[in-house]
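Coordinate analysis (summary)
Here is what each chain is made of, one letter per residue.
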Amino acid sequence: MRYDRSPRKDTSYLDEVWKLKQRIRREEGYLCQTWEFFSSSYENNTAHVLLEGGDEETNGEEEKVVGFCVVRGDGYILFLGVDSDYRGEGLGRVLVEKAGEDYKVLTCHARASNDNAVEFYKHLGFEVDRYVDSYYQNGEDAKYMSRDDRESLRSRISDVLKGED
Ligand SMILES: CC(C)(COP(=O)(O)OP(=O)(O)OC[C@H]1O[C@@H](n2cnc3c(N)ncnc32)[C@H](O)[C@@H]1OP(=O)(O)O)[C@@H](O)C(=O)NCCC(=O)NCCS
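Residues numbered from 1 in each chain as written. Predicted model: local features only at pLDDT ≥ 70, side-chain atom pairs only at ≥ 80, totals over all residues.

Overview of the site of the ligand
Around the ligand sit 22 residues in total, of which Arg 87, Gly 92, Arg 93, Ala 117 and Glu 119 are the nearest. Of all the secondary-structure elements, those providing two or more residues to the shell around the ligand are helix 1 (14–28), strand 4 (76–82), helix 3 (91–100), strand 5 (105–111) and helix 4 (115–123). Residues of the shell around the ligand, tallied by class, amount to 10 nonpolar, 7 polar and 5 charged. Looking at which domains feed residues into the shell around the ligand, each of domain 1 (1–100) and domain 2 (104–165) supplies at least three. (Near = placed C-beta within 6 Å. Helix = DSSP H or I, 4+ residues; strand = E, 2+ residues; numbered from the N terminus. Nonpolar A, V, L, I, M, F, W, Y, C, P; charged D, E, K, R; others polar. Domains from an automatic or database assignment.)

Describing the domain arrangement of the chain
Its domain assignment divides the chain into domain 1 (1–100) and domain 2 (104–165). Summarising the inter-unit geometry, the C-alpha centres of domain 1 and domain 2 are found 21 Å apart. On the side of domain 2, 10 residues touch domain 1, which itself brings 10 residues to the contact. The set of elements that each furnish at least two residues to the side of domain 1 that touches domain 2 consists of strand 4 and helix 3. Here the side of domain 1 that touches domain 2 takes 5 residues from helix 3, the largest share from any one element. Grouping the amino acids of the side of domain 1 that touches domain 2 by side-chain chemistry returns 6 nonpolar, 3 polar and 1 charged. (Contact = placed C-beta atoms within 7 Å.)

A closer look at the nonpolar core
Residues Val 17, Phe 68, Cys 69, Val 70, Ile 77, Leu 95 and Ala 99 are the most contacted members of the largest nonpolar core, which totals 27 residues. The set of elements that each furnish at least two residues to this core consists of helix 1, helix 2 (35–43), strand 2 (46–52), strand 3 (64–71), strand 4, helix 3 and strand 5. The element best represented in this core is strand 3, accounting for 6 residues. Residue contributions to this core reach at least three from each of two domains, namely domain 1 (1–100) and domain 2 (104–165). In contact with Val 17, other than residues within four places in its own chain, are Tyr 42, Ala 47, Val 49, Val 65 and Phe 68. (Core = buried A, V, L, I, M, F, W, Y, C linked by C-beta atoms within 7 Å. Buried ≥ 20, exposed ≤ 12 C-beta atoms within 10 Å, placed from the backbone.)

Set out below in structure tokens:
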């Protein structure tokens, strides 16, 4: 498994990321963005990409994208997806933590009906801040979620200080 960071304007993996995103859309109905929105967002922001294959261990199998996370300049996660064959192996966490290396506060929207994504984010320390009616194009509601690492730092400090006289 290889990790790569695509800075703004680097579209080397865009086509492969799009293919995976479209597969998730077809199979699960998530990540429904249009090519226009997806490709311009990708191009103008940072993408964290996980790749598999393309080495001796995988018998020269062609390298393919198995996970991606595109993050806006304010720590907002625009798109996150992991190939269904590679889920439950910690890749989603790696992608979010890579995003977290750049931002103390991460935010995102998740479909209110996407329990899996909502629970995944909660497990990683996100909280639901608000419910957004009709956020998605098909009229579906969203949960706006955030994780503020400054808060956990503050509470860790106050826990330590509680022990002091
Ligand atoms: C959401 C998604 C990215 C998770 O990816 P993943 O690689 O399977 O997640 P990970 O294996 O990294 O899970 C990380 C942790 O979250 C936990 N977790 C994952 N899904 C969970 C769930 N539904 N409920 C509770 N915990 C969950 C894992 O157990 C793991 O815990 P650990 O690190 O303490 O062992 C993946 O399911 C996906 O691509 N879904 C479709 C696209 C999508 O919904 N994207 C989000 C749009 S908002």
